[in-house]
Each structure stands twice: as C-alpha cells, then as structure tokens.
Amino acid sequence: MSGHTTLAPAGTAAKRKEARTVILSSYLGSTIEFYDFLLYATAAAVAFPKVFFAGTDEWVGVVAAYATFAAGYVARPLGGIIFGHFGDKVGRKGMLIISMAMMGIASTLIGLIPGAGVIGPWGAVILVLLRVCQGIAVGGEWGGAALMALEHADPKRRGFAASFVNAGAPTGAVLGTLVMGAFSALPQDAFLAWGWRVPFLLSFVLLIVGMFVRLRVSESPIFAEAVAKEEAQGAKRKIPLLDVLRRPKALIMIMFAGAAGFGLQVVLPTFSVTYAVSKGAPQQGVLYAFAGASAISIVFVLLGGRLSDRFGRRPVMITGLALFIAYLFPMFGMLGSGNVAMVFVAFTVALILHSSLYGPLAAFVSEQFGTTSRYTGAAVGYQLATLIGAGFTPGIIAGLYKDSGQSILPVVVFLSVMALVSIVFIALTRESKNNDLTTVR
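Residues numbered from 1 in each chain as written. Predicted model: local features only at pLDDT ≥ 70, side-chain atom pairs only at ≥ 80, totals over all residues. Heavy atoms only, no water.

Per an unreviewed UniProt entry, the chain is named MFS family permease, and its organism is Pseudarthrobacter niigatensis. For the chain, the Subcellular location (unreviewed entry) comment in UniProt is given as "Cell membrane". (UniProt positions renumbered as here; feature names shortened; annotations may be inferred.)

Written out as structure tokens, the structure reads:
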C-alpha cells in the first residue's frame, strides 16, 4: 500500500514535468518558426519594395511586395494537409522536426537572393518560391506544436497550455523586428544592399537551436493511445483529410471564426508600419514600437488562454474582437500622429485586444476534431483561416488606401466587416473547453 502511494505521485510529477517540457519546446519552436515567417512581413514593408521592385511607384512597390507576402499564406493550407496527414498517420514529433528544417533553410536562402539590379525580375520569382516553402513549413508547424501542448496538458488547463504556441508568434515578431530594426539604423544604401539580409541569414543559427529543442520531446500520449486502440480493434486507419471532409462543418466554422484574428494581426507589422512611417514617424522608431508592444502582448496571449479555461473559448474571443472594432479609428489616429510614443501606445492596445482572441484560438480550433484526424483538421482549418484572413489583407487594404486618395475610412470598414463575420461564426460554433480529447471519431 505504501509503495503504491509513493509511485502514484511520482508518476504524476513525471507527467507534469514532461508536459512542461513539451509546452516549452512548442513555445520555443513556434517562436523560431514565426521569427522566420513574420520577419518576411517586416521586410515586405521596409525593404522588398525597393530591392525587388525598384523603379515602380512607391505604393505600387508596396502592393507588389505584399503580393509575394500573400504567397506564403496561400501555401499554408497545403502544408497543413501534407504535415497533417503524416502527423495523424505517423506521429506529431517527426513532422515538427521536418517543418522546422524546411523553414530554416528557406529563410536563410531568402537572405541570399540577388536584387532586381542584379538579376531583374528573377529575384522576385525566387522570393515567391521560397515564400511558398515558408508557408508550407509553417502550415505544418502550428498544428503539430499546438497538438503536442494540448495533448500533454491537464484537461482543465488546455487553453493555457495551447496558448504558449500562439505566444510564439509575438515572441518571434519581437525578435524579428528588433533584429530588422537594428539593421535599419544603417544608412539607407547599406540597409538595402545587405543590412536587411542579415536577419534572414541568422535563421540558420536559430534552426540549430530549434532542432536541439525538438529532438528532446516525446510523442503525444493521446495520439499513441488512440493508435494503439485502433490497432487492438483491428480497425483500418482512415485517410485523415477524407475523415475531416466527411464532416466539413467544423472546418468551415473555424475557418471563418479565426479569419479576422489573422487579418488584424497581419495588418500591424505590414500596412500599419508603412502607414506610420509615411506619416512622418521614423522607420526604426516604428519598428521598435511594434517590438515593444509585441513583447507586452505575450503575457496577454497567455492570459487569454487562461481566461478561456475559466469562462469558455467563445466569450473571451468575441469580447476581444468587439473591442478591436471600436478601437480601429483611434488606432489609426495614433499611428498617423508621427509621434513614436503614440505609435507605441497604438500597437500596444491593439495587440492586447487581439490577445483576447489569439490566446484561446489554438485550443478552440484543435478541440473541434477527433484524435486520429486532429492534426489534419486543426492544421488545415487554421491555415485556411490565415489564408482568407491574412493572406491578401495587406495587399487589399494597401490598394484601398491608395485608390481612395489615402483615406483610412475604407481600411477601417474592411477590417470591421471582417471582424463582424468572425464574431458571427464564433457565436455559431459549439463551446469546446470541456470536450473529451481522447474520443476518436
């Protein structure tokens, strides 16, 4: 009897330690992946228009650079399908290692592409191809990292555990913006010639760190148990994508429920940075303001996940979106002030409000699917949401702004409508915080 009492807590302690290790590894891995992916957003705002689209009108170059940015979002659902299939068939861990290697190599190569002055339009073509590779990689990364954190976690703390994966996005944004901001202090010619490239080349160093972290985690116990159960019953393994498509309602609901979160998120490091600089704020100051605001938001992403464990995913997410709609006009007013302190406040409040949506989102999406198709369903649904919400949004609003004689009104209307659509779909989606993840369906 005494032996049994000592063993049980020891087993519990070991599980908790393993869960903490997995959550930490998911957070660090996600940070590295999003450093690479979101670094591109900053470069698209401050470097690519002049490096790869030199000789065009300033805002035409910006729109063209954002079109290459969109290519990564178009590729993300493909990554979700590929990595989701093998993640549901073979396991979560192996797919995370492959996705990280793919991202690190693609990002490093972006830093080596010659500009338009050397190879003409081929530079933009290569840029798009590597951006597609980035998109496929991050499309596979998010689902695996979220599921590893979710499936190792205490059922009552799943929202908090999974929110660490989404906290990797602002952390990666901080790193990328700080590094790009430091090099943007160079004289303009030096920055455009080689300065913007260094942050991408540093991706290779981060790749080594990420691989070390990824190799130390164990496979998801819920996934291993589900596979063992199917094998014991002699059940034939289904094709995960077909399993998800047989019940497409969950996929459609989360796609539109999450779209506005990604649209609002991507507007900040792209159009908002360009807008603030065009209104007289110094480029380096704006980049540092965004980095500082992103650092603050990390805590609020985790808080959003924790609140969703208590009150439910839907109420927290809807509240965040509604407040963001009300904040859009004041936000652009501060961004257009030409004052770095005001720009910092604008970014900080925006990201805090966004965290109410973004914190619970990883758990909200993943909890809609059964174990043996969860990687595919969560990854594809999440990435389709990023595609329709974020992939084309910077280009659309830059075009709206340009075509309206640089009026911010159509930008605010577009973002408000997007947020309202997501509110409706979140309200129509079932609450998922008490779902049983061990159910195989």
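Right, let's get into the overall build of the chain. When helices and strands are tallied, the chain shows 19 helices and 0 strands. Taken over C-alpha atoms, the radius of gyration comes to 21 Å for the chain, in line with the 22 Å a tight globule of 441 residues would show. The dimensions of the chain, computed from C-alpha atoms along their principal axes, are 75 × 45 × 45 Å. Across the 441 residues that make up the chain, the buried fraction comes to 57%. Across the chain, 33 positive and 20 negative side-chain charges occur, with their mean positions spaced 5 Å apart. (Helix = DSSP H or I, 4+ residues; strand = E, 2+ residues; numbered from the N terminus. Rg over C-alpha atoms; globule rule 2.2 N^0.38 Å. Buried < 20%, exposed > 50% of the residue type's maximum accessible area, 1.4 Å probe, protein only. Lys, Arg positive; Asp, Glu negative; His and termini not counted. Charge placed at Lys NZ, Arg CZ, Asp CG, Glu CD.)

So, about the packing of helix α6 (residues 122–152) against helix α7 (residues 158–183). Where α6 meets α7, the closest approach of the two axes is 8 Å, and the angle between their N-to-C directions is 150°. The angle between the axes of α6 and α7 places the two elements in the roughly antiparallel class. Crossing of α6 over α7 shows right-handed handedness. Residues Trp-142, Ala-145, Ala-146, Ala-149 and Leu-150 of α6 lie in contact with α7, whose contacting residues are Arg-158, Ala-161, Ala-162, Val-165 and Asn-166. When grouped by side-chain class, the residues that make up the contact of α6 with α7 number 8 nonpolar, 1 polar and 1 charged. (Axes fitted to C-alpha atoms, helices over the stretch in contact; angles between N-to-C directions. Parallel < 35°, antiparallel > 145°, perpendicular 65-115°, else oblique. Left-handed = near helix turned anticlockwise from the far one by under 90°. Contact = heavy atoms within 4.5 Å. Nonpolar A, V, L, I, M, F, W, Y, C, P; charged D, E, K, R; others polar.)

This part is about the nonpolar core. Residues Phe-48, Ile-110, Trp-196, Phe-271, Met-331, Phe-332 and Phe-347 are the most contacted members of the largest nonpolar core, which totals 121 residues. Met-331 has contacts with Leu-268, Phe-324, Ala-346 and Ala-350, leaving out every residue within four places of it along the chain. In terms of nonpolar packing, the next biggest core, distinct from the first, is built from 5 residues, Ile-32, Ile-97, Met-100 and Met-211 among them. (Core = buried A, V, L, I, M, F, W, Y, C linked by side-chain atoms within 4.5 Å.)

The geometry of helix α15 (residues 313–335) relative to helix α16 (residues 340–366) is characterised by a closest axis approach of 9 Å and an angle of 160° between their N-to-C directions. Relative to α16, the element α15 is oriented roughly antiparallel. α16 is crossed by α15, and the crossing has left-handed handedness. A class-by-class count of the residues in the contact of α15 with α16 yields 22 nonpolar, 3 polar and 2 charged.

The next subject is helix α10 (residues 203–214). Relative to the 16 Å expected for 12 residues at 1.5 Å per residue, α10 spans 16 Å between its end C-alpha atoms, a close match to the ideal helical length. For α10, every residue scored as buried is listed here: Ser-203, Leu-207, Gly-210, Met-211, Val-213 and Arg-214. Seen from one end, α10 has its buried residues packed into an arc of 155°, which puts them on one side. For α10, the exposed residues set more than 90 degrees away from the buried face come down to Val-205, Ile-208 and Phe-212. (Expected span 1.5 Å × (residues − 1). Arc of directions from axis to C-beta.)

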